[in-house]
Amino acid sequence: MVSEIFYQKLIDISRVMEEKGNGISYIHNEDDCYTIGTRKYSEEIDEYLNKTVELWEGSVPNFKKSKKGKSNGKKPSRVVYIWKIFLKEAK
């Protein structure tokens, strides 16, 4: 079960990324981190994470385009910057 403080921290981080990163276009929860993709890089997010979490990484994604399947005409959400946030709930 996730504590309320831990959950609130994730919500706060997501709000900052949504606002400063021109929207969130990708979220993935892994065992050791949360990966969030934003539509643009922001130094404000960088500074916020430095103050808020102990460990995080940022990078430009390297997604390969797939030629399999048919196009449904919808343009995928653009991910410009990936933020990996290593959060662990205190036990």
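Preceding this paragraph is the structure being described.
A brief structural summary.

Conventions and cut-offs
- Residues take numbers from 1 onward in each chain, read along the sequence in its written order.
- Given that this is a predicted model, residues contribute local features only at a pLDDT of at least 70 and side-chain atom pairs are listed and counted only at 80 or more, while totals for whole chains, interfaces and linings are drawn from all residues.
- Values reported for side chains reflect all heavy atoms of the structure, with hydrogen atoms and water molecules removed beforehand.
- A run of H or I in DSSP becomes a helix once it reaches four residues, and a run of E becomes a strand once it reaches two; helices and strands are each numbered from the N terminus.
- Centres within 6.5 Å make a pair out of two Phe, Tyr or Trp rings, where for Trp the six-membered ring is used; the pair is then stacked when the planes are under 30 degrees apart, edge-to-face when over 60, and tilted otherwise.
- Accessibility here uses a 1.4 Å probe with only protein chains present; expressed as a share of the type maximum, an area under 20% marks a residue as buried, one over 50% as exposed, and anything in between as partly exposed.
- When DSSP finds at least two bridges between two strands, those strands are taken to pair.
- Each axis is a line fitted through C-alpha atoms, and for a helix only the stretch in contact is used; angles between axes span 0 to 180 degrees, taken between their N-to-C directions.
- Pairs of residues are marked as contacts when any of their non-hydrogen atoms sit within 4.5 Å.
- Residue types Ala, Val, Leu, Ile, Met, Phe, Trp, Tyr and Cys, when buried and joined through side-chain atoms within 4.5 Å, form a set referred to as a nonpolar core.
- The span one expects for a helix is its residue count, reduced by one, times 1.5 Å.
- By definition, the arc is the one covered by directions from the helix axis to the C-beta atoms.

A word on unusual backbone geometry. Positive phi outside glycine occurs at Asn22, with the angle close to 60°. Relative to the assigned elements, Asn22 resides in the loop between helix H1 (4-20) and strand S1 (24-29).

Right, let's talk about the packing of aromatic side chains for a bit. For the coordinates displayed, the defined rule picks out 4 aromatic pairs. The interplanar angle of 65° and the centroid separation of 4.8 Å between the aromatic rings of Tyr41 and Tyr81 together place this pair among those described as edge-to-face. With a gap of 40 residues between them, Tyr41 in the loop between strand S2 (34-38) and helix H2 (43-52) and Tyr81 in strand S4 (residues 81-86) connect regions that are remote in the sequence. Overall, the relative accessible area of 35% leaves Tyr41 in the partly exposed class. Judged by relative accessible area, Tyr81 falls into the buried class, the value being 14%. A ring pair is formed by Trp56 and Trp83, whose centres lie 5.6 Å apart and whose planes are at 40°; its orientation type is tilted. With Trp56 in strand S3 (residues 55-59) and Trp83 in strand S4, this residue pair connects regions lying 27 residues apart in the sequence. The pair Trp56 / Trp83 is uniform in exposure class, with both members buried. Three or more aromatic residues joined by ring pairs form one cluster here, namely Tyr41, Trp56, Tyr81 and Trp83.

Taken in spatial order, the 4 strands of this open sheet run S1-S2-S4-S3, and their pairing is antiparallel. Both edges of this open sheet fall to S1 and S3, since each of them pairs with a single strand only. If you compare each strand with its neighbour and ignore which way they point, the axes differ by 15° on average. Note that S3 and S4 share 5 bridges and pair antiparallel. Considered in S4, the bridge of Trp56 is made with Ile85. Strands S1, S2 and S4 of the sheet are contacted by H1, whose axis makes an angle of about 20° with S2. Along the sheet, H2 contacts S2, S3 and S4; its crossing angle with S4, the most-contacted strand, is approximately 5°.

Moving on, we get to the nonpolar core. Within the largest apolar cluster, 16 residues are counted, with the highest numbers of intra-cluster contacts made by Ile13, Met17, Leu49, Val53, Trp83, Ile85 and Leu87. Broken down by secondary-structure element, the contributors of at least two residues to this core are H1, S2, H2 and S4. Every residue in contact with Met17, bar those within four places of it in the chain, is listed here: Asn22, Gly23, Ile24, Ile36, Thr38, Ile45, Leu49, Trp83 and Ile85.

Moving on: H1. Helix length check: H1 (17 residues) gives 24 Å between terminal C-alpha atoms against 24 Å at 1.5 Å per residue, within 8%. The set of residues buried in H1 consists of Phe6, Leu10, Ile13, Val16 and Met17. Projected onto a plane normal to the axis of H1, the buried residues spread over an arc of 125° and lie on a single side. Along H1, exposed side chains directed more than 90 degrees from the buried face belong to Glu4, Ile5, Arg15 and Glu19. Looking at the buried positions of H1, the neighbouring elements they touch are S1, S2, H2 and S4.

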